[in-house]
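One letter stands for each residue in the lines below.
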Amino acid sequence: MRGMSRRSTTKGGRARGLLQGVAFFATLAVVWEGSVRIFDIRSYLLPPLSDVIKEVIASRALLWQHGIITFNEVVLGFIAAAISGVMMAALVFFVPIARRTVYPLLIGLQSIPKVGLAPLIIVWFGYGLNSKVIMSFLFAFFPIVISTLGGLAGTPEHLEEHFRALRASRWVTFWKLRVPSALPSFVDGCKVAMPLAVIGAVVGEFVGSNDGLGNLILLATGSSRSSLTFAALGAVTAMSLALFAVVAGFGRLVWWRAQS
Amino acid sequence: MVASAIVSATEFPQAREPVIELRSVSKTYGAADGVKALDGVSFDVHEQEFVSILGPSGCGKSTLLRAIAGLTAFDGEGLSVGGQPVVEPMDDVGVVFQSSNLLPWRTVEANLRLGAEIRRETPDPQRMTAMLEMIGLSGFENRYPHELSGGMRQRVAIGQALVRNPKVLLLDEPFGALDALTRDKLNFELLRIWQAEKKTVVLVTHSIPEAIFLSDRVVVMSDRPGRLLEDVRIELPRPRDPKSTRTSADFGKYVVRLGELMGVQ
Ligand SMILES: Nc1ncnc2c1ncn2[C@@H]1O[C@H](COP(=O)(O)OP(=O)(O)OP(=O)(O)O)[C@@H](O)[C@H]1O
Ligand SMILES: [Mg+2]
């Protein structure tokens, strides 16, 4: 179970794979640039790619400055979600009362559209960092709880019995059996949650903020600087991809699946 | 891992003190009207004896082994191991299940160490090395279970049970999922390990030749609910050898006898 996708293993195969990717995106870029010019699309609707690239270079300081702010919101929200998500999952799994009370409440709260909550969060926690961290947290929390819970519950029964036969205490069984066998599911949850954390922060910035990439997108669109809108969108996307890659990289440390 | 290793084997192990005593052990899963898996099973297993439990699928063999291992509650007059009534798993009992016991995130060596780790002991490095040697996996200590064959995995599971040096070894079809050829080979290795380690062994199986080849006694169970049909003493000379033992006339007689008991014609 070391990797889900089939990978080209030979050097030549890998080079060819890279080449195919590059060719594909180069074609997309040419189609974008070409169709904007040929059909004479007005740039406030869709700027040519070259303008977007120029904008990225010209406004790099601005993008960086706002990007750092969004990055901090996302990372703080995600880490908070990962830590409290695991604790919540453990609580619901091990405490029967929590399973009957906290868990249904959680499911209920999850059903509230979080985008609709955003204005309230801004009112409660202000225009600054806190409200965005909380938005990011809200988006990322639930998938982590659910997948970690699934991992804890999915500990193979025959291994549990094996630990009983070895007279392992509940504590030892938790650390040496349940935690490692739930880790892959936890990582899966983190992979789902990471892009959601970015969305949460940007939504928060849309609803009420003075800075951040979401704010920059709003300002740029409002002043018809569509190339800056695209540049900011590109920055958010790049950040989301990079953070996902970091999570996936950590995830590769837990390559096993307990159901061997 | 060569056949000549068996030459050093000692004489036929005589029945000694009873180590495992079952007195009319019954088990019903669920409520009183649930599935009756065991119905009044009584027998003894003596020190250093090799006893096989033979019976059709679903007759309660695994249930019986779980009861001896202290992993499941049961009814009846009593069940004791080493003179102690069984109420929970004991340190002196090692168990190998039908499905692999191995933790996929631990190497062979770390899996062997698990029992000691759980008891907060440092495993004796000499014993570890000797055990790897005995199960024929020297050089594989840093491999993960998914890098091993099914037979190698079960050998690690047996090693894991043995490394803690329990008096009693309970084996639930340890080679059940393997092909016949590998199974024969591993059975022979099991025999060698048993002779070297001087354990009391209870092996669950539904293979008649396997039970005869390995055992001092074969306990034959009926279809569900499992009752004891007959307790057959296997008086084949030891050391046993895959070729001469299996082809002897006595072996054939035991095959016929046990086959009749199990309703195979
Ligand atoms: N946890 C359980 N709950 C309810 N019924 C069970 C449970 N475990 C086993 N049984 C039932 O008890 C009976 C005996 O099961 P057991 O696993 O002991 O059989 P077995 O002889 O080991 O079979 P096999 O050779 O196929 O492994 C079966 O009919 C099974 O359906
Ligand atoms: Mg069974």
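First things first, this report covers the structure right here in the doc. (Residues numbered from 1 in each chain as written. Chains lettered and ligands numbered in written order. Predicted model: local features only at pLDDT ≥ 70, side-chain atom pairs only at ≥ 80, totals over all residues. Heavy atoms only, no water.)

Observations concerning the pattern of salt bridges
- In the structure shown here, the tally under the stated rule is 29 salt bridges over all chains.
- As a salt-bridge pair, K176 of chain A and E117 of chain B come within 2.8 Å of each other at their nearest N and O atoms. Taken as a pair, K176 of chain A in helix 9 (residues 170-207) and E117 of chain B in helix 2 (residues 108-118) lie in two separate chains rather than in one.
- E117 of chain B serves as the salt-bridge partner of R106 of chain B, at 2.7 Å between the closest nitrogen and oxygen. Remark: E117 of chain B occurs in helix 2 and R106 of chain B occurs in the loop between strand 6 (93-96) and helix 2; sequence separation between them is 11 residues.
- For R106 of chain B, a relative accessible area of 10% gives the class buried. (Salt bridge = Lys/Arg side-chain N within 4 Å of Asp/Glu carboxyl O. Helix = DSSP H or I, 4+ residues; strand = E, 2+ residues; numbered from the N terminus. Buried < 20%, exposed > 50% of the residue type's maximum accessible area, 1.4 Å probe, protein only.)

Re the site of ligand 1
Residue and element names in this part refer to chain B.
- The environment of ligand 1 is made up of 13 residues, and the closest members are S57, K61, S62, T63 and R224.
- For ligand 1, a nitrogen atom lies 3.3 Å from a polar atom in the side chain of Y29.
- One nitrogen or oxygen atom from the main chain of G60 is found 3.0 Å from an oxygen atom belonging to ligand 1.
- In the complex, the protein chains occlude 65% of the 630 Å² of accessible area that ligand 1 would expose alone.
- Sort the elements by how many residues they give to the shell around ligand 1 and helix 1 (residues 61-68) lands first, with three residues. (Near = heavy atom within 4 Å. Polar contact = N/O pair within 3.5 Å; in protein donor to acceptor, adjacent residues only side chain to side chain. Areas by Shrake-Rupley, 256 points an atom, 1.4 Å probe, with all protein chains shown as cover.)

Overview of a nonpolar patch on the surface
- On the surface, L120, V123, W124 and F125 of chain A cluster together into a nonpolar patch covering about 450 Å² of accessible area.
- By the element assignment, F125 of chain A lies in helix 6 (residues 114-125). (Patch = residues over 30% accessible without salt bridge, like charges linked within 9 Å, V, L, I, M, F, W, Y side chains within 5 Å.)

Considering the sheet that holds strand 7 (residues 168-172) of chain B
Residue and element names in this part refer to chain B.
- Overall, mixed pairing links the six strands, which are arranged 6-7-8-3-9-10 in an open sheet. Every other strand in the sheet has two partners, leaving strand 6 and strand 10 (228-233) as the edge strands with one partner each. The mean angle between the axes of side-by-side strands here comes to 15°, regardless of whether they run parallel or antiparallel.
- The sheet contact formed by strand 9 (residues 217-221) and strand 10 spans five bridges and is antiparallel. Opposite V218, over in strand 10, you have V232 as the bridge partner.
- On top of the sheet, helix 1 reaches strand 3 (50-54), strand 7, strand 8 (200-205) and strand 9; it is set at about 155° to strand 7, its chief contact.
- The strands that helix 5 (residues 180-197) touches are strand 3, strand 7 and strand 8; relative to strand 8, the one it contacts most, it runs at about 165°. (Pairing = 2+ DSSP bridges. Axes fitted to C-alpha atoms, helices over the stretch in contact; angles between N-to-C directions. Contact = heavy atoms within 4.5 Å.)

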